[in-house]
Amino acid sequence: MKSDVILTILLIFIAGCARDGGPTTVHAISGTPELVLDGQDLQQIGIAGTCRTEEYQTDEHSPLAQYSFCNYSINSLTDTEVVLELKKFTDFEDLNGTYQYESLHLRGFQGLISEDGYGDLSRFYVNNESTVYYYHLWIVKNEYLIHITSKGSEDAGEYIEDIGRRILSKFVAKT
């Protein structure tokens, strides 16, 4: 039943994209390494860093299949770091439960910037302690939980948004 609802939402999304900009095909992402930023992305955004991916045995008690962790620094912003976490789940209920817990538990007290601005399940928060700003962007796409966070400059919010958009663009390829 839930998979039928998800499929219907996905088809409506695809139809909306096709109506807005011509035919669209959905690119099947096989794992979190395909979602990390490549060299061209890093250069265009103006960040540098490294990533690592771990694979896990899955079963009914462990639905996390892959985990990629990237640590970036923003070249133009002093003392500003970005962490990208990509998690691939085998079970939507566990993915959704993790998303709900993390995105509500770790939210910034300063405020919600946007909700559902990057798809049906996304939350973007900001928090600051004195002069240090923390941005958190959570996105759920297919069986993936994407969490992008920064620590440092107030200006990092634009970088977080750009990273989120670039990762989401890897799911949809125009034909």
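Analysis parameters
Residues numbered from 1 in each chain as written. Predicted model: local features only at pLDDT ≥ 70, side-chain atom pairs only at ≥ 80, totals over all residues. Heavy atoms only, no water. Helix = DSSP H or I, 4+ residues; strand = E, 2+ residues; numbered from the N terminus. Buried < 20%, exposed > 50% of the residue type's maximum accessible area, 1.4 Å probe, protein only. Areas by Shrake-Rupley, 256 points an atom, 1.4 Å probe, with all protein chains shown as cover. Pairing = 2+ DSSP bridges. Expected span 1.5 Å × (residues − 1). Arc of directions from axis to C-beta. Contact = heavy atoms within 4.5 Å. Polar contact = N/O pair within 3.5 Å; in protein donor to acceptor, adjacent residues only side chain to side chain.

*Asks:* An account of the overall build of the protein chain is needed here, citing residue identities and associated values.
*Replies:* In terms of helices and strands, the protein chain carries four helices and nine strands. A burial count over the protein chain gives 42% of its 175 residues as buried. Summing over all exposed atoms, the protein chain offers an accessible surface of approximately 9,700 Å²; the carbon and sulfur share of this is 51%.

*Asks:* Describe the pairing of strand 6 (residues 122-129), naming the residues involved and giving the relevant values.
*Replies:* In terms of residue burial, strand 6 counts as a mostly covered element, since seven of its eight residues are buried. Bridge count for strand 5 (residues 111-115) against strand 6 is four bridges, and the pairing is antiparallel. By the bridge assignment, Gly-111 is partnered in strand 6 with Val-126. Here strand 5 folds back onto strand 6, and the loop between the two strands holds six residues, one of which, Asp-116, carries a positive phi near 65°. In terms of strand pairing, strand 6 meets strand 7 (residues 132-141) through eight bridges, oriented antiparallel. Residue Tyr-125 lies in a different strand from strand 7, and its bridge partner there is His-136. Hairpin remark: strand 6 followed by strand 7, antiparallel, with two residues in the connecting loop; positive phi at Ser-130, about 65°.

*Asks:* Hey, could you go over unusual backbone geometry for me, with residue numbers and the actual values?
*Replies:* At Ser-130, a residue that is not glycine, the phi angle is positive and equals roughly 65°. Structurally, Ser-130 can be placed in the loop between strand 6 and strand 7. Residue class for Ser-130 comes out exposed when judged on its relative accessible area of 66%. Positive phi, normally seen in glycine, also occurs at Asn-142, with a value near 50°. One can find Asn-142 in the loop between strand 7 and strand 8 (144-152). Residue class for Asn-142 comes out partly exposed when judged on its relative accessible area of 35%.

*Asks:* Please set out helix 3 (residues 92-105) residue by residue, giving values where relevant.
*Replies:* Here helix 3 contains 14 residues, and its C-alpha end-to-end distance of 19 Å stays within 8% of the 20 Å for a straight helix at 1.5 Å per residue. Every buried residue of helix 3 is accounted for by Leu-95, Tyr-99, Glu-102 and Ser-103. All buried residues of helix 3 project into a common sector of 90° when viewed along the axis, lining one side. In helix 3, those exposed residues whose orientation departs by more than 90 degrees from the buried face are Glu-93, Tyr-101 and His-105. The inward-facing, buried residues of helix 3 abut strand 4 (81-89), strand 6, strand 7 and strand 8. The N-terminus of helix 3 is capped by Asp-91, whose side-chain oxygen sits 2.7 Å from the backbone nitrogen of Glu-93.

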